[in-house]
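So you can see what is in the structure, the chains are spelled out below.
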Amino acid sequence: IKKEVFILLKKVFIFTLCLLPWFLSSIIPVDYSYFDTLKLPFFCPPKAFYGIAWSLIYILLATSIYGIVTNYKFRDIPKSYKTSLAINYVLNQAYTLIFFGLKNNFLAFADCVAVFISCLFLYHETNSLREKSSKFLDPYVLLSLFASILSLTIYVMNTVL
(Lines give C-alpha, C1' and ligand atoms only; values in the text may rest on other atoms or scores of the structure.)
Protein backbone atom coordinates (compact mmCIF):
# COMPACT_ATOMS: atom_id res chain seq x y z
CA ILE A 1 0.00 0.00 0.00
CA LYS A 2 2.87 2.38 0.72
CA LYS A 3 4.06 2.07 -2.87
CA GLU A 4 0.59 2.89 -4.24
CA VAL A 5 0.34 5.93 -1.96
CA PHE A 6 3.77 7.10 -3.10
CA ILE A 7 2.77 6.68 -6.76
CA LEU A 8 -0.47 8.60 -6.19
CA LEU A 9 1.37 11.40 -4.37
CA LYS A 10 3.90 11.56 -7.20
CA LYS A 11 1.07 11.90 -9.75
CA VAL A 12 -0.61 14.63 -7.69
CA PHE A 13 2.71 16.46 -7.35
CA ILE A 14 3.42 16.31 -11.11
CA PHE A 15 -0.11 17.46 -11.94
CA THR A 16 0.21 20.33 -9.45
CA LEU A 17 3.50 21.38 -11.08
CA CYS A 18 1.71 21.41 -14.43
CA LEU A 19 -1.21 23.45 -13.04
CA LEU A 20 0.10 26.08 -10.64
CA PRO A 21 2.16 28.20 -13.06
CA TRP A 22 -0.99 29.02 -15.05
CA PHE A 23 -2.45 30.85 -12.06
CA LEU A 24 0.67 32.98 -11.51
CA SER A 25 -0.74 36.12 -13.14
CA SER A 26 -3.77 36.02 -10.83
CA ILE A 27 -1.59 36.88 -7.83
CA ILE A 28 -0.13 40.01 -9.41
CA PRO A 29 -1.90 43.10 -8.07
CA VAL A 30 -3.64 44.98 -10.86
CA ASP A 31 -6.66 47.27 -11.13
CA TYR A 32 -9.47 44.86 -11.99
CA SER A 33 -11.97 47.72 -11.71
CA TYR A 34 -10.64 48.98 -15.06
CA PHE A 35 -13.01 46.51 -16.73
CA ASP A 36 -15.99 48.35 -15.20
CA THR A 37 -14.98 51.60 -16.92
CA LEU A 38 -15.19 50.15 -20.43
CA LYS A 39 -18.00 50.04 -22.96
CA LEU A 40 -18.72 46.36 -23.46
CA PRO A 41 -20.49 44.52 -26.29
CA PHE A 42 -23.79 42.75 -25.74
CA PHE A 43 -22.07 39.35 -25.96
CA CYS A 44 -19.63 40.08 -23.14
CA PRO A 45 -20.11 37.44 -20.43
CA PRO A 46 -20.63 38.40 -16.79
CA LYS A 47 -17.47 38.94 -14.75
CA ALA A 48 -17.92 35.66 -12.86
CA PHE A 49 -17.55 33.79 -16.17
CA TYR A 50 -13.87 34.69 -16.52
CA GLY A 51 -12.64 33.21 -13.25
CA ILE A 52 -14.62 30.02 -13.75
CA ALA A 53 -13.82 29.59 -17.46
CA TRP A 54 -10.11 30.29 -17.18
CA SER A 55 -9.76 28.08 -14.10
CA LEU A 56 -11.31 25.22 -16.05
CA ILE A 57 -9.08 25.98 -19.05
CA TYR A 58 -5.99 25.90 -16.83
CA ILE A 59 -7.05 22.55 -15.35
CA LEU A 60 -7.54 21.17 -18.87
CA LEU A 61 -4.19 22.61 -19.96
CA ALA A 62 -2.48 20.99 -16.98
CA THR A 63 -4.18 17.69 -17.83
CA SER A 64 -2.88 17.94 -21.39
CA ILE A 65 0.64 18.75 -20.24
CA TYR A 66 0.49 16.00 -17.62
CA GLY A 67 -0.40 13.54 -20.39
CA ILE A 68 2.73 14.53 -22.28
CA VAL A 69 5.20 14.66 -19.39
CA THR A 70 4.07 11.32 -17.98
CA ASN A 71 4.24 9.53 -21.34
CA TYR A 72 7.65 10.85 -22.42
CA LYS A 73 10.98 11.36 -20.75
CA PHE A 74 11.60 15.10 -20.59
CA ARG A 75 14.59 14.91 -22.94
CA ASP A 76 12.45 13.01 -25.47
CA ILE A 77 9.78 15.70 -25.65
CA PRO A 78 10.45 17.61 -28.88
CA LYS A 79 11.83 21.13 -28.63
CA SER A 80 8.95 22.31 -30.84
CA TYR A 81 6.42 21.23 -28.16
CA LYS A 82 8.41 22.85 -25.36
CA THR A 83 8.77 26.05 -27.39
CA SER A 84 5.06 26.19 -28.29
CA LEU A 85 4.12 25.63 -24.67
CA ALA A 86 6.56 28.27 -23.38
CA ILE A 87 5.44 30.90 -25.90
CA ASN A 88 1.79 30.22 -25.20
CA TYR A 89 2.39 30.39 -21.46
CA VAL A 90 4.20 33.74 -21.63
CA LEU A 91 1.56 35.26 -23.90
CA ASN A 92 -1.27 33.92 -21.75
CA GLN A 93 0.26 35.30 -18.57
CA ALA A 94 1.05 38.66 -20.18
CA TYR A 95 -2.60 39.43 -20.88
CA THR A 96 -3.48 40.38 -17.30
CA LEU A 97 -0.53 42.75 -17.07
CA ILE A 98 -1.27 44.33 -20.45
CA PHE A 99 -5.03 44.73 -20.08
CA PHE A 100 -5.40 45.50 -16.39
CA GLY A 101 -1.90 46.77 -15.62
CA LEU A 102 -1.13 48.90 -18.68
CA LYS A 103 -4.83 49.43 -19.51
CA ASN A 104 -3.92 49.14 -23.17
CA ASN A 105 -6.84 47.71 -25.13
CA PHE A 106 -4.95 47.49 -28.42
CA LEU A 107 -1.99 45.58 -26.96
CA ALA A 108 -4.45 43.37 -25.08
CA PHE A 109 -6.17 42.57 -28.39
CA ALA A 110 -2.81 41.84 -30.04
CA ASP A 111 -1.91 39.58 -27.13
CA CYS A 112 -5.25 37.75 -27.42
CA VAL A 113 -4.60 37.07 -31.10
CA ALA A 114 -1.07 35.91 -30.29
CA VAL A 115 -2.44 33.59 -27.58
CA PHE A 116 -4.93 32.16 -30.08
CA ILE A 117 -2.24 31.59 -32.72
CA SER A 118 0.17 30.08 -30.20
CA CYS A 119 -2.70 27.93 -28.93
CA LEU A 120 -3.12 26.51 -32.44
CA PHE A 121 0.59 25.69 -32.58
CA LEU A 122 0.42 24.10 -29.12
CA TYR A 123 -2.59 22.04 -30.20
CA HIS A 124 -0.72 20.83 -33.29
CA GLU A 125 2.42 19.96 -31.33
CA THR A 126 0.42 18.19 -28.63
CA ASN A 127 -1.62 16.28 -31.19
CA SER A 128 1.54 15.05 -32.91
CA LEU A 129 2.77 13.63 -29.58
CA ARG A 130 -0.44 12.32 -28.03
CA GLU A 131 -3.83 12.85 -29.64
CA LYS A 132 -5.65 12.17 -26.38
CA SER A 133 -3.81 15.06 -24.71
CA SER A 134 -4.67 17.46 -27.52
CA LYS A 135 -8.42 16.95 -26.93
CA PHE A 136 -8.05 18.71 -23.58
CA LEU A 137 -6.96 21.81 -25.52
CA ASP A 138 -10.16 22.11 -27.61
CA PRO A 139 -11.92 24.43 -25.12
CA TYR A 140 -8.75 26.55 -24.86
CA VAL A 141 -8.63 27.05 -28.62
CA LEU A 142 -12.31 28.07 -28.66
CA LEU A 143 -12.06 30.36 -25.64
CA SER A 144 -8.93 32.07 -26.97
CA LEU A 145 -10.73 32.68 -30.29
CA PHE A 146 -13.71 34.13 -28.42
CA ALA A 147 -11.37 36.25 -26.28
CA SER A 148 -9.75 37.65 -29.44
CA ILE A 149 -13.13 38.64 -30.89
CA LEU A 150 -14.26 40.12 -27.59
CA SER A 151 -10.99 42.01 -27.17
CA LEU A 152 -11.18 43.46 -30.68
CA THR A 153 -14.76 44.57 -30.03
CA ILE A 154 -13.81 46.18 -26.72
CA TYR A 155 -10.90 47.96 -28.38
CA VAL A 156 -13.10 49.34 -31.19
CA MET A 157 -15.94 50.34 -28.86
CA ASN A 158 -13.57 52.24 -26.57
CA THR A 159 -11.45 53.95 -29.19
CA VAL A 160 -12.27 57.50 -30.18
CA LEU A 161 -12.19 57.61 -33.96
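The structure contained in this document is the topic of the report that follows. Computed from a predicted structure; not experimentally measured.

It is worth spelling out helix α2 (residues 47-69) at this point. For α2, built from 23 residues, the straight-helix expectation of 33 Å at 1.5 Å per residue is met to within 8% by its first-to-last C-alpha distance of 34 Å. Taken residue by residue, α2 has Ala53, Trp54, Ile57, Tyr58, Leu61, Ala62, Ser64, Ile65, Tyr66, Gly67 and Ile68 as its buried positions. Of the surrounding secondary structure, the elements contacted by the buried residues of α2 are α1 (2-19), α3 (79-101), α4 (105-129), α5 (131-135) and α6 (138-157).

Following the sequence through the fold, serine 64 ends up in helix α2. Taking relative accessible area as the criterion, serine 64 reaches 1% and is therefore assigned buried. A polar contact is formed between the side chain of serine 64 and the backbone oxygen of serine 133, at a distance of 2.9 Å.

Another point: the packing of α2 against α3. Helix packing for two helices is described by the angle between their axes and how far apart those axes are. Where α2 meets α3, the axes come as close as 13 Å, and the angle between the chain directions of the two elements is 165°. The orientation of α2 with respect to α3, classified from their angle, is roughly antiparallel. Considering only the axes of α2 and α3, their crossing is left-handed. Contacts between α2 and α3 pair Trp54, Tyr58, Ile65 and Ile68 from the former with Tyr81, Leu85, Asn92 and Gln93 from the latter.

What follows concerns the nonpolar core. Ranked by internal contacts, the top residues of the largest apolar core, which has 24 residues, are Trp22, Ile57, Tyr58, Leu61, Tyr81 and Tyr140. Within the residue set of this core, elements represented by two or more residues are α1, α2, α3, α4 and α6. In contact with tryptophan 22, other than residues within four places in its own chain, are Tyr58, Leu61, Ile65, Leu85, Asn88, Tyr89, Asn92, Gln93 and Tyr140. Counting residues in each nonpolar core, the second largest holds 11 residues, with Val30, Tyr34, Phe35 and Ala108 among its members.

Next up on the list: the packing of aromatic side chains. Under the defined criterion, the tally for this structure stands at 17 aromatic pairs. The interplanar angle of 65° and the centroid separation of 5.4 Å between the aromatic rings of tyrosine 34 and phenylalanine 99 together place this pair among those described as edge-to-face. Placement of tyrosine 34 in the loop between α1 and α2 and of phenylalanine 99 in helix α3 is noted, with a sequence separation of 65 residues between them. The burial state of tyrosine 34 is the same as that of phenylalanine 99; both residues are buried. When the ring of phenylalanine 106 is compared with that of phenylalanine 109, the centres are 6.4 Å apart and the planes differ by 55°; the resulting orientation is tilted.

Topologically, proline 46 is positioned in the loop between α1 and α2. Overall, proline 46 belongs to the exposed group, its relative accessible area being 59%. Along the backbone, proline 46 and valine 115 are 69 residues apart, and their C-alpha atoms lie at a distance of 22 Å.

A water-sized probe rolled over the atoms picks out the places where empty space is left. What the largest pocket holds in volume is close to 760 Å³. Around the largest pocket, the lining comprises 29 residues; the ones closest to its centre are Tyr50, Trp54, Tyr95, Thr96 and Phe100. Elements supplying a minimum of two residues to the lining of the largest pocket: α2, α3, α4 and α6. When its residues are assigned to classes, the lining of the largest pocket shows 17 nonpolar, 9 polar and 3 charged. Of the pockets and cavities examined, the second largest pocket occupies roughly 190 Å³. The wall of the second largest pocket is formed by 13 residues, among which Ile65, Val69, Phe74, Tyr81 and Leu85 lie closest to the centre.

How each quantity is defined
- Residues numbered from 1 in each chain as written.
- Predicted model: local features only at pLDDT ≥ 70, side-chain atom pairs only at ≥ 80, totals over all residues.
- Heavy atoms only, no water.
- Helix = DSSP H or I, 4+ residues; strand = E, 2+ residues; numbered from the N terminus.
- Expected span 1.5 Å × (residues − 1).
- Buried < 20%, exposed > 50% of the residue type's maximum accessible area, 1.4 Å probe, protein only.
- Contact = heavy atoms within 4.5 Å.
- Polar contact = N/O pair within 3.5 Å; in protein donor to acceptor, adjacent residues only side chain to side chain.
- Axes fitted to C-alpha atoms, helices over the stretch in contact; angles between N-to-C directions.
- Parallel < 35°, antiparallel > 145°, perpendicular 65-115°, else oblique.
- Left-handed = near helix turned anticlockwise from the far one by under 90°.
- Core = buried A, V, L, I, M, F, W, Y, C linked by side-chain atoms within 4.5 Å.
- Phe/Tyr/Trp six-rings, centres within 6.5 Å; stacked < 30°, edge-to-face > 60°.
- 1 Å grid on protein atoms, 1.4 Å probe; cavity = no way out; pocket = protein on both sides within 12 Å on 5 of 7 lines; lining within 4 Å.
- Points joined across faces, edges and corners; volume = space filled by probe spheres on them.
- Nonpolar A, V, L, I, M, F, W, Y, C, P; charged D, E, K, R; others polar.

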